[in-house]
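Fold and contact review
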Amino acid sequence: MAAGGISDGRSMAAAFALGAEGVQMGTRMVSAAESPVHQNWKSAIVDAKETDTVFLNRFGPGPACRALRTEKTTLLEKEPGENGVAPEFRRSQELYFGGDMEASIALSGQVAGRIESVRPVAEIISEMVAEFETIMDRLSSRFATARA
Ligand SMILES: Cc1cc2nc3c(=O)[nH]c(=O)nc-3n(C[C@H](O)[C@H](O)[C@H](O)COP(=O)(O)O)c2cc1C
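Quick summary incoming for the structure in this document.

Analysis parameters
- Residues numbered from 1 in each chain as written.
- Predicted model: local features only at pLDDT ≥ 70, side-chain atom pairs only at ≥ 80, totals over all residues.
- Heavy atoms only, no water.
- Salt bridge = Lys/Arg side-chain N within 4 Å of Asp/Glu carboxyl O.
- Buried < 20%, exposed > 50% of the residue type's maximum accessible area, 1.4 Å probe, protein only.
- Near = heavy atom within 4 Å.
- Polar contact = N/O pair within 3.5 Å; in protein donor to acceptor, adjacent residues only side chain to side chain.
- Areas by Shrake-Rupley, 256 points an atom, 1.4 Å probe, with all protein chains shown as cover.

**As for the pattern of salt bridges**
Summed over the entire model, instances satisfying the criterion amount to seven salt bridges. Here D52 makes a salt bridge to K49, at a shortest N to O gap of 3.7 Å. Note on D52: relative accessible area 22%, which makes it partly exposed. Under the relative-accessibility criterion, K49 is labelled partly exposed at 49%. The salt bridge partner of E77 is R69, with a shortest N-O separation of 3.7 Å. The class for R69 is partly exposed, based on a relative accessible area of 39%.

**Focus on the site of the ligand**
By nearness alone, every residue bordering the ligand is listed as A3, G4, G5, Q24, M25, G26, T27, V30, W41, L107 and V111. The backbone of G4 places a nitrogen or oxygen atom 3.4 Å from an oxygen atom of the ligand. The contact in question runs from an oxygen atom of the ligand to an N or O atom on the side chain of T27, over 2.6 Å. The fraction of the free accessible surface of the ligand (600 Å²) that becomes covered by protein chains is 55%.

Listed below in structure tokens is the structure:
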């Protein structure tokens, strides 16, 4: 099961080429229409370029994480504080459901740069599978034929 950086059929095909048999999407699903998070977070993902995230807690304590760049996360990237970023998640509900992007940390991957719209999950999945199949057909007809 591959995770990280997957948003569509093309990235799914890339993961399968590397040996995956399934994919998991975090950022793509948090920004889907049915996702319960505030529209501000979804819009920030849609607006983000692939360079608009920061890597936090690189040296701990606790796990490292990647998040959308905001004033807060830009500061935390440079000065994580003695207890790392964990205390920042105390106000996560204000970000998740209240839409205050500076209240906490909006966990999101670099793949945000490839997400261009908020779409219903059914559309995301059906387009993804169709694109995946088209790419696999194209690659196999091109390279399997060349080999034969
Ligand atoms: C809203 C959200 C919450 C997450 N929470 C966790 C978590 O609790 N623990 C963890 O290891 N990773 C967490 N992640 C990171 C996901 O594991 C990561 O996004 C996953 O590898 C998929 O990558 P992608 O976002 O590029 O699809 C979270 C990601 C998002 C978007």
